[in-house]
Each structure stands twice: as C-alpha cells, then as structure tokens.
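# Chains, contacts and geometry: an overview
Residues per chain are reported as follows:
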Amino acid sequence: MKRIARLALVSCCALFATHAITAQVADEKWPAEGHHPVPSIQDKETPAEKDARMKWFREARFGMFIHWGIYSVPAGRWQGKEVPGLGEWIMNSGSIPVADYKAFAPQFNPTQFDAHAIVALAKAAGMKYIVITAKHHDGFAMYDSKADPFNIMSGTPFKRDPLHELAVEAHKQGIKFGFYYSQYQDWTAPGGAAYKTGDHKPPTYHWDPAQDGDFSHYLHTKAIPQMKELLTNYGESPDIIWFDTPYESGYQSNDHPNPKDVHGMTPQWASEIVSLLNTRPKLIWNNRLGGGYNGDTETPEQYIPANGYPGRDWESCMTINDTWGYKVDDKNFKSTETLLRNLIDIASKGGNYLLNIGPESTGVVPPEEVARLEQMGKWMDVNGESIYATKPTLFGSEAGAFSTTEKDKQGKPKFVPEWKWRSTTKADKVYIHLFEWPSTHTFHVAKMPRTVTGAYLLADTSHKPLKFTQKGGALDVQLPDAALDPIATVLVLKTR
Ligand code: GLC
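Residues numbered from 1 in each chain as written. Predicted model: local features only at pLDDT ≥ 70, side-chain atom pairs only at ≥ 80, totals over all residues. Heavy atoms only, no water.

### Comments concerning the site of the ligand
Taken together, 16 residues sit near the ligand, with His67, Glu88, Trp89, His136 and Glu301 positioned nearest. Contacts to the ligand include His137, whose side-chain N or O atom sits 3.0 Å from an oxygen atom. Between the ligand and Glu301, the relevant distance is 2.9 Å, taken from an oxygen atom to a side-chain nitrogen or oxygen of the residue. Out of a free accessible area of 310 Å², the ligand has 100% covered by protein chains. Here the residues of the shell around the ligand are counted per class, giving seven nonpolar, five polar and four charged. (Near = heavy atom within 4 Å. Polar contact = N/O pair within 3.5 Å; in protein donor to acceptor, adjacent residues only side chain to side chain. Areas by Shrake-Rupley, 256 points an atom, 1.4 Å probe, with all protein chains shown as cover. Nonpolar A, V, L, I, M, F, W, Y, C, P; charged D, E, K, R; others polar.)

Set out below in structure tokens:
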C-alpha cells in the first residue's frame, strides 16, 4: 500500500511538469536530517561507527579526480570554434543536438589508456584515492553498462571497461577508488534533467526535443539501474560515490544558480538511491545527492573555505587548469607551487584536496598534468608526514582574515588569504609549512599553545636540532639562512 502511494506521488510530480513541483518545493521544508523517507548510513550510525567509516578518508588528505568521457573527442571545440566554459559541458554550452553528440562515441578509441600508469601516477603524486566519472551529465557511461547502451563497451570501438581496469589496479596498488555519477542531469536520456544555460528555455532547459520525457522514467530505467551496477559489479569498489548537481539542499554553486522552476531531486527520489547506497555500509558519499540528504562530505568547488567546516568532513575539488574534462585550448595550468600550497592550506584547515586530471580521447594524461603531479609527489615524499593523518592548525590567523572593507560576490566580507605559512598538528608534533623565509631567519609566534621540546626541518635528513626559545607563550626558532624548498619548507616542532 505504502509503496503504491509513494510511486503515485513520484509519477504525479513528473507528470505535472514543473508548476506542481515548484509549489511542492517552495512550500515544503525538506525533512530534517535523520527523518528521511529512507534513513541513510549517516542517520543510523553512532559517532564511533562514523569515525571508523571515515578514518581512511580523514587520513588521506589528497585524492585524484578524473573527468573523462566522450567530451574529450571534441575537446572543447564544436563546428570549428572553441566553446567557452568547461570541457565536459560542451554539449550543453554548445547546444549540441543529441544525435550529433552521440556521434562522438564511435570516434572514441582510447587505446593508450593505461590503468596501471594512472594509478601509479596518483600514487607517485602522494594521492590516496581516485574518483572517476562513471557517467557525467552527458549520459555516456564509461563502463560496461547493461542498463543503457550509450556506454564505452557497446558504443565505441574500444570495447574495454576502464572502470574495471582501474578498480583492479587500485586494489593491487593499495589505493581507494570511487565513482562520480551524475544522478540528476542527463542530457541524452529522455527525461534527464538539464541545468539552465544561455537561451535554453524553462521549464526543462532542454535544447533538443529528443531530451524531453519523464524524469521519473529516466531515474527508474537508467540512473537507478546504473547505480546498482556500479555498486555491485566492481568487487571491493567503490569506496566513494560522488553525486553532482541535484539542485537541492546542501549543494549550491555559483556557476549554476538554482532557477525556481526546476524540481530537483525530491526526498522520495533520493531515498530510492539511498536504499542502494545502504547495501554498502562502508561507502562514503558526498553532499550532492539532494532530497535533503547531507551525505558525508561538504564539497567546496574551486575554492578553499576560509575556516574549513568545523564538525563536518570536507573535500575541496579543483581543476589543474580551468576545465575538468579535456579541452585542447585550455593551457592555463596552475603552477606546482599553487597546487602544493592549496594542498597544504586545505590540510591546515582539516580538509581533503581532490585534484582533477582530464585525460585526452586517446587515453593519454596531458603531460603538463603529469609533470605537476610528479613534482607534487617529490615534495610529498619528503614532507608527507606533515599532511597525512594530521589535524587542523592550532593557530588560525596565519591563513588570513576577513576584510573590513572589501566584499565578496555575495556581499559578505571578503576573505583575504595570507601566504607566509600554514600549520598542521599531530598529538606530539606541530608542523609549520614556511612559504616565505623570514628575513630575520627566525620563526616567531606570539602564542604557542603547547610546550616545545625540540625543532628541526623535515627536509634535513639528519634532523639537526634547531635552537629555540619559548618564553611567556612566545616561541622563536632559529632557522638556517635559506629555505630548503622554494615552495614550502616544513619546520617540525616536537611538543608535549
Ligand atoms: C560541477 C560541474 C561538473 C563537474 C563538477 C565537479 O558541478 O557541473 O561538470 O563535474 O562540478 O565538482
């Protein structure tokens, strides 16, 4: 009886298109955490169980995001011109008709894809986990899906399952592995949602009649069956499911403001996915499912929150250049210095850095990306202990301050970062990441909250003790004349 009532509600929402749904969304408060239609892992577990489940993620601090799909074939260009914006959004930003977009699949033959090399690259960079796009908003599945034929196995000459190959390698090389899945947007499946772009019209924001259909039908015939495949066909994997763009609670993006006439993921729809997620009790999933579920992680996108998210696990996801999916015209690569300082900044605030690579349609990882990851890995080889399994800074003001005069885009006081140093913490150590070498050759803090018993530089293999004084709470450590690493030299303070 109950089930029939729920199904009726779902299909009525879908049938009456957006007006009925808008009213529902506007008047309705999503159920409070813990009172979902289907309780999630997070609703039911004890704090100790949560700590155990999140342990590896909290210690990892650094992961690899991979955006890879048939958008790497056009690689950001359509009809001879660059389409502005993100590479994986080309179908939407360029209003490419479904049939034209689907025609990229037979051209996709990434024979140079090498799962071993990609996992080895992540490991060399010091990354502890990988999350790859199993299906992005374009609807193309990068794995062997029986649920829908628009996939790499049945739709391309490649006929291999890169997700399977990566899962095997990840397991072999001892690294966690997860799937990104676009549960809400799907631009090639009839009924799949689309975010507003350019002159695309409400209520669906579709640009091709082939996209029109019933969302509930899409969800039940494609998204849910595919989620089932991803949760059951990959052995120990996935460790993570990374949802995206639900238009609802917890997820907000400046790039995709939420028009009021779009239904988003309802609690009922989301709860059907949650029933599947609950079959894997160790799974970690993010805050972008929608329907009032907060998941495990906050997911700041392309920025580092000023003070982290005290009390919540979080992960800043960022691009290496300006796109997630490969774009031949985007050479705006961040420097290794910026990338490393982002990692250190994030660790000092208690979060993880999910740094993206966007392989080409051949399977090759752009050499600029490889080079940066390898350089990061060299630094991590020496200094990794100051990042992994650390706790946030004991200080705080070194990260910068909110401006009293300048405002950000939302009109709130703007956070102005400072880039002199950062700090992370362990039970018996405090790490100081020095970006700027003090001209006095002395590291000084006015208030050191612990008693220091020794000091040395992590990059000095002999760990030669440095002289220091601690008086009335102030700490001064005498440093050598020059930095040992131009990007960040780590000062270790042994403490009690
Ligand atoms: C955005 C984009 C998407 C990308 C994601 C990564 O929401 O829609 O293309 O995959 O961010 O965080």
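So that's the structure; there's more coming.
### Quick word on the sheet that holds strand S14 (residues 429-434)
The strand order across the open sheet built from four strands is S13-S14-S19-S16, with neighbouring strands paired in antiparallel fashion. Each edge of the open sheet is held by one strand with a lone partner, namely strand S13 (421-426) and strand S16 (452-457). With strand direction ignored, the average angle separating the axes of adjacent strands in the sheet is 20°. Sheet strands touched by helix H12 (residues 336-348): S13 and S14. Its angle to S13, the strand with the most contacts, is close to 50°. (Pairing = 2+ DSSP bridges. Helix = DSSP H or I, 4+ residues; strand = E, 2+ residues; numbered from the N terminus. Axes fitted to C-alpha atoms, helices over the stretch in contact; angles between N-to-C directions. Contact = heavy atoms within 4.5 Å.)

### Overview of the nonpolar core
Met64, Leu277, Trp285 and Leu373 are the most contacted members of the largest nonpolar core, which totals 119 residues. By residue number, the principal contributor to this core is helix H10 (residues 215-232), which donates eight residues. A domain-level breakdown of this core finds at least three residues from each of domain 1 (12-386) and domain 2 (397-495). Membership of the second largest hydrophobic core comes to 17 residues, among which are Leu457, Leu466, Val477 and Leu491. (Core = buried A, V, L, I, M, F, W, Y, C linked by side-chain atoms within 4.5 Å. Buried < 20%, exposed > 50% of the residue type's maximum accessible area, 1.4 Å probe, protein only. Domains from an automatic or database assignment.)

### Notes on the sheet that holds strand S18 (residues 474-478)
Within the open sheet, the three strands sit side by side as S15-S18-S17. Their pairing is antiparallel. Edge strands, defined here as strands with exactly one partner in the open sheet, are strand S15 (442-445) and strand S17 (468-471). Neighbour-to-neighbour, the strand axes of the sheet open up by a mean angle of 10°, direction not taken into account. Pairing of S15 with S18, which is carried by four bridges, proceeds in the antiparallel orientation. In the strand pairing of S18, His444 is matched with Asp476.

### Points about unusual backbone geometry
With omega at 5°, the peptide bond leading from Pro202 into Pro203 counts as cis. Within the secondary structure, Pro203 sits in the loop between strand S5 (176-181) and H10. A positive phi is found at Thr245, a non-glycine position, where the angle reads about 40°. Looking at the secondary structure, you find Thr245 in the loop between strand S6 (240-243) and helix H11 (267-277). Despite not being glycine, His441 shows a phi value in the positive range, around 55°. For His441, the location among the structural elements is in the loop between S14 and S15. Residue His441 is classed as partly exposed on the basis of its relative accessible area, which comes to 26%.

### Let's talk about the pairing of strand S1 (residues 62-66)
Looking along a regular strand, one sees the side chains alternate between the two faces of the sheet. Along S1, five of the five residues are buried, which leaves the element largely enclosed by surrounding structure. Alternating positions in S1 separate into two faces, Phe62, Met64 and Ile66 on one and Gly63 and Phe65 on the other, with burial throughout. As paired strands, S1 and strand S10 (residues 352-357) are joined by five bridges and run parallel to one another. Note on S10: the bridge partner recorded for Gly63 is Leu354. The sheet contact formed by S1 and strand S4 (residues 129-135) spans four bridges and is parallel. Residue pairing for S4: Ile66 is matched across the bridge by Ile132.

### Quick notes on the packing of H12 against helix H13 (residues 367-383)
The packing of two helices is summarised by the inter-axis angle and the distance between the axes. It is the contact of H12 with H13, at a shortest axis distance of 10 Å, that shows an interaxial angle of 50°. The angle between the axes of H12 and H13 places the two elements in the oblique class. With respect to the hand of their crossing, H12 and H13 are arranged in right-handed fashion. Contacts between H12 and H13 involve Thr336, Leu339, Leu340, Leu343 and Ile344 on the former and, on the latter, Arg372, Gln375, Met376, Trp379 and Met380. Of the residues contributing to the contact of H12 with H13, the split by class is seven nonpolar, two polar and one charged. (Parallel < 35°, antiparallel > 145°, perpendicular 65-115°, else oblique. Left-handed = near helix turned anticlockwise from the far one by under 90°.)

### Notes on the side chain of Thr489
Tracing the sequence through the fold places Thr489 in strand S19 (residues 489-495). Exposure remark for Thr489: the relative accessible area of 1% places this residue in the buried category. Every residue in contact with Thr489, bar those within four places of it in the chain, is listed here: Ile432, His433, Leu434, Trp437, Leu457, Ala483 and Leu484.

### A word on the layout of surface pockets
Size it by volume and the second largest pocket reaches roughly 580 Å³. Along the walls of the second largest pocket sit 28 residues, with Arg61, Arg312, Lys349, Gly350 and Pro392 positioned nearest its centre. Those elements that provide at least two residues to the lining of the second largest pocket are helix H4 (47-60) and strand S9 (313-318). Per-element accounting of the lining of the second largest pocket gives the leading share, six residues, to H4. Taken together, the residues of the lining of the second largest pocket break down into eight nonpolar, eight polar and 12 charged. (1 Å grid on protein atoms, 1.4 Å probe; cavity = no way out; pocket = protein on both sides within 12 Å on 5 of 7 lines; lining within 4 Å. Points joined across faces, edges and corners; volume = space filled by probe spheres on them.)

Geometric descriptors of this kind do not, in isolation, establish any biological role.
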